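A look at the structure
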Amino acid sequence: MGIKAALPHYELGFYALILTCALVYSANGIFEASRDSMNRKTFKESVKIGWQYLGRKMDVADFEWVMWFTTFRNYIIFALSGHVLFAKICTMLVPQLRSWVYMIYGALTVLGIMGNSFFMLILSHCVVLYTVSLVKKKWMCFAAGIASLATFKLDPFSTWQSDIVTGTFDLQDILFYGGSGFTIMRCMSFALENCEKKEGNYSPLELLKYNFYLPFFFFGPIMTFDRFHVQINTAHVARKESEMWDIRLHALIHLGAIVLVDVLFHFLYILTIPSDLKFVNRLSDWSVAGLAYFNLVYDWVKAAVMFGVINTISRLDHLDPPQPPKCITMLYVFAETHFDRGINDWLCKYVYDFLGENHDDIVKEIGRA
């Protein structure tokens, strides 16, 4: 969508040089502030003992990052490793049944992690949106999908649904809303594609295969049903030349990013410092600007790592998923200002192009935007 002309390499290099110098200078100020405030009372809850051989305390203010890569690290590795193992065995022996293996493994994993109540809640939303899709009216599919999403924000429906799943671990709320929200978006994609189907309807099993593909289930990215359906039902799978090398390289990059972030948290307390406004007021303008920038980049790194790991696993399954978000520092073209590429593709296909039709009516163009 739109113009995507890249800037000349020399211009990008010039900007990169200026930015690097500014970041080094501001990072030095943040490093000194972090070192001097390591034992500050207001930082006691969010600056804890880190890696012993680094000899410094670590910024643990981001609950989500700490939980992903400490408490639940082994569970994540176990679940995704199991998916990769079963997927590989199935692809080698009976590739035509791999979509069934993905669905069964994903459904059992969700059931084991979240329990019967959550699993039945997800199935109920799938049944409702599948039933609506049989009418083959797009506006009804949109209305049903939006209404389903609204039930997680409006009382008494939100309270009733959240009470169904009793919390047993710290990340259960995040998994609950992530799994539920992305389920409804996937169901909407399925329903809208079913409306486009000329003859008959897609099987409800196709919806379950689509929804319970484990790498995408809790946090996306969103892959539209038409693309997923074609790729997952391809019986003859083959890799391009050097594709496995590329997959291994990206896996190492994501692992390196996780380690690098953990190391930097020992030297730059970018998450804890902003919580103490009195301390922030004593910092230089360069340090404050650096804090703001590093926090934005950190949010991108979290998303890039999460989507990147999922992207790598789904590529092992012979899928072509949406790419991880582009670094915010490189977003200089308006057409690329979207952050989540999967949701952007979803919106373009089902909202932007649907309302804009042939894109020749300025009134419809304004309305779709």
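Let us look at the structure shown here. Nothing here was measured: the structure is a model prediction, and the numbers come from that model. Per-chain numbering applies: the sequence of each chain, read as written, is numbered from 1 onward. Local features in this predicted model are restricted to residues of pLDDT 70 or higher, and side-chain atom pairs are both shown and tallied only at a pLDDT of 80 or more, whereas totals for entire chains, interfaces and linings draw on every residue. Only hydrogens and water are removed before side-chain values are computed, so all heavy atoms of the structure are retained for them.

**A few points about the environment of Ile273**
Basically, it comes down to this: Helix numbers and strand numbers start at the N terminus; a helix is a DSSP run of H or I with at least 4 residues, a strand a run of E with at least 2. Residue burial is assigned from relative accessible area. The probe radius is 1.4 Å, only protein chains are included, and a residue is buried under 20% of its type maximum, exposed over 50%, and partly exposed in between.
Tracing the backbone through its elements, the reader meets Ile273 in the loop between helix H12 (243-264) and helix H13 (277-280). Given a relative accessible area of 0%, Ile273 falls into the buried group. Through-space distance from the C-alpha of Ile273 to that of Phe212 is 40 Å; in sequence the pair is 61 residues apart.

**With respect to the packing of aromatic side chains**
For the record, the criterion: Stacked, tilted and edge-to-face are the three classes assigned to paired rings of Phe, Tyr and Trp, where Trp is represented by its six-membered ring and a pair needs centres within 6.5 Å; plane angles under 30 degrees give stacked, over 60 edge-to-face, the rest tilted. We call a charge positioned above a ring when the Lys NZ or Arg CZ atom is no farther than 6 Å from the ring centre and deviates by at most 35 degrees from the ring normal.
Under the counting rule described, the total for this entry stands at 26 aromatic pairs. Pairing Tyr213 with Phe216 gives two aromatic rings, centres 4.9 Å apart and planes at 75 degrees, and the pair type is edge-to-face. For the pair formed by Tyr213 and Phe216, the shared burial category is buried. Taken together through their ring pairs, the aromatic side chains of Tyr102, Tyr130, Phe190, Tyr202, Tyr210, Tyr213, Phe216, Phe225 and Phe228 make up a single cluster. In this structure, Arg40 packs its charged tip against the face of Phe43, placed 5.9 Å from the ring centre.

**Focus: the packing of helix H9 (residues 204-211) against helix H11 (residues 225-232)**
The test is simple: Here an angle of 0 to 180 degrees is reported between the N-to-C directions of two axes, which are lines fitted to C-alpha atoms, with helices fitted over the stretch in contact. Orientation categories follow fixed angle ranges, with anything under 35 degrees roughly parallel, anything over 145 roughly antiparallel, 65 to 115 roughly perpendicular, and all other angles oblique. Pairs of residues are marked as contacts when any of their non-hydrogen atoms sit within 4.5 Å.
Where H9 contacts H11, the two axes come as close as 11 Å, and the packing angle between them is 95 degrees. Here H11 runs roughly perpendicular to H9, going by the angle between their axes. Here H9 contributes Glu206, Lys209 and Tyr210 to the contact with H11, which in turn contributes Phe225, Phe228 and His229.

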